[in-house]
Every structure is written in structure tokens, then in C-alpha cells.
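Structural overview
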Amino acid sequence: MTWVDGLLAAIAAPDEDAKAVLLAGLALPADRTEWTVPDLPRLPGRPADLRIEEHPPRRRQGLATPHGRLRFLHAIWHIEISAIDLACVACLRGAGMPTAFHADWLRIAREEAQHARMVRDLLTARGWPPGSEAVHLRLWDTTRTCADLGEHLACVPRVLEARGLDVNADLLPRVAPVDQEMHGVLHRIYLDEIGHVGAGSGWHRHWCMERDLDPETHYADACARVIGDLRSPFPVDLAGRRAAGFTERELAALT
Ligand SMILES: [Fe+2]
């Protein structure tokens, strides 16, 4: 299977296990290989019995009760399975990029599959397996609207995933006293995600430099076009975002 066909197959595969098997078998492309970036499917692969809502209400999960935590973890499971697809899209959009770029995003896709499995196992052990409630495809839909790799790197790792850092940093101290097992899973995810957002920062800067673009200006313009309001809806995780390569000017624009 070619690199592009393999990535499309992983996106189309129905769950984290099937995606992980395909990702494990993929071989990286040679340095700066060019290809025509394919159209993305309207929907990524998901389990056949998973209910997908087009316009779900935004839910706030309280963490004080076991049921609230299950619903929150279910949302995290679907964020992680979506993150597998989004890392594959970064590779698809990375025609002409160095092999090191593809190695980073393939590793990230594999780590996202591990995250999805960790959360799935916790949900299943607690009797609320994936599919127990409906999900939405906002992450996928936003990613599809990015015009090129530069917009993708600005908006997917550096907005969508960075907001995950904000949420996680806010929750971790509150989860620790009530649910040690959930805290362990979320903490592992948080540390890995700092690396993923950091890869987004580094490769976004690389992409801009190759085109003589100022990374901060491109970031602000891309976010304005794809995301709209750049301010984070959550308390900003300044420490995590600094570790992931955000500049002080970018952080100031978030609040
Ligand atoms: Fe993840």
C-alpha cells in the first residue's frame, strides 16, 4: 500500500484497533516526496453502531459523580479517535515535506491510538463502553476546512489540540482527589499532548520559514479564517502552552 493509500485507509478504518493495525504497517515516504493531496472523505471511519449527531447541544459534564466522569471520558475517547484521523490528515497534506515531518505525525497518530485504547479500556471496565452515547464530528469538520498544511498546523494542533491542554490542565487537580485511575489516564494524555502541540509549533514555523512568512502573523490570519475567535473558551494553560512552543505574544492574544 502506498503512503497516501495507507493514510486514507487508516482514516476510513472503523475504530482505534483497526486504525492502529494499519498505522503499524505503514512505511515512511522518502524525503520530500511529492503527491497530489487527495480530497478528504466527508466522514472518517467510525464503529457502525456509533450514533453521530450533526448539531449536538454543548454539554457540560460534572465530574463530581461517576456518571458525569463516564460521560466526560466518552467525549475524550472520541476526541482521541478523532486525533488519529487528524494526524493522518497532517501527513496527507504534507506532500513535499521532510521524512522527519512524516515520522513525527505518524508517531503522533500511533500515540493517539494508544490514548483511545486507554480511555476505551477504562470506559469498558466501568460498563459504559464506546458507543454508549452520541458523538459529534466538529474536530473533523474544522480540519476539513483548512486550505493547506500551513492552516492545518496552525489550527489543528495549535488551536484544537492546545485547547485540550487547557481543559486537561484545569481538570487534573480536580480529578486527582476523586478518581485516581482516571487521573492517571488523563495525566499520561496531557504529557503526550504537550509533545503533539509542540510538534505543531515546530513544523508550523518550518512551513512558514520555507515560504518567507512570519509564523505569528500566519498563525493569527489562519485562526481568524478557520476558527474565528482565537480566545480560548477555557482557562489558558500557560505553562503547558509555553512548553509546547507558544510565544508570549500568542499567549497574550488568547486571553
Ligand atoms: Fe491524544
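Each remark here, short or long, concerns the structure printed above.
Residues numbered from 1 in each chain as written. Predicted model: local features only at pLDDT ≥ 70, side-chain atom pairs only at ≥ 80, totals over all residues. Heavy atoms only, no water.

Here's the deal with the packing of aromatic side chains
Enumeration according to the criterion identifies three aromatic pairs in this entry. Summarising the aromatic geometry, the rings of Phe101 and Trp105 are spaced 6.4 Å apart at their centres and angled 50 degrees between planes, so their arrangement reads as tilted. Residue Phe101 and its partner Trp105 are located together in helix 4 (residues 99-125), separated by four residues, close to a single helical turn. Each member of the pair, Phe101 together with Trp105, is buried. Ring centres of Phe101 and Trp203 lie 5.4 Å apart, and the angle between their planes is 85 degrees; on these two criteria the pair is classed as edge-to-face. Of this pair, Phe101 sits in helix 4 while Trp203 sits in helix 7 (residues 180-210), and the two are 102 residues apart along the sequence. Accessibility assignment for this pair places Phe101 and Trp203 in one class, buried. Site record: aromatic cluster; members linked through ring pairs are Phe101, Trp105 and Trp203. The ring centre of Tyr219 lies 4.6 Å from the NZ or CZ of Arg158, which sits over that ring. Against the face of Phe246 rests Arg158, its NZ or CZ located 4.2 Å from the ring centre. (Phe/Tyr/Trp six-rings, centres within 6.5 Å; stacked < 30°, edge-to-face > 60°. Helix = DSSP H or I, 4+ residues; strand = E, 2+ residues; numbered from the N terminus. Buried < 20%, exposed > 50% of the residue type's maximum accessible area, 1.4 Å probe, protein only. Lys NZ or Arg CZ within 6 Å of the ring centre and 35° of its normal.)

Focus on helix 6 (residues 149-175)
When the local axis directions of helix 6 are compared, the greatest deviation, roughly 30 degrees, occurs at Ala162. For helix 6, a buried count of 21 out of 27 residues is recorded, marking the element as mostly surrounded by other parts of the structure. The opening residue of helix 6 is Asp148, an N-cap whose side-chain oxygen sits 3.1 Å from the backbone nitrogen of Gly150. (Bend = angle between axes of the 7 residues up to and from the residue. Polar contact = N/O pair within 3.5 Å; in protein donor to acceptor, adjacent residues only side chain to side chain.)

Here's the deal with the coordination of the iron ion
Binding of the iron ion to the protein goes through Glu80 (OE), Glu112 (OE), His115 (ND1) and Glu193 (OE), at separations of 1.8 to 2.3 Å. Seen from the iron ion, its four donor atoms lie at angles of 94 to 138 degrees, and the figure they make is irregular. Of note, the iron ion draws all its donor residues from one chain, in the sequence arrangement E-x31-E-x2-H-x77-E. Taken together, the residues Glu80 in helix 3 (residues 66-93) and Glu112 in helix 4 connect sequence positions 32 residues apart. (Donors = N, O, S within 2.8 Å, 3.2 Å for Na, K, Ca; no water. Tetrahedral: all angles 85-135°; square planar, octahedral: opposite > 155°, others 65-115°.)

Just distances and angles here, no functional claims.
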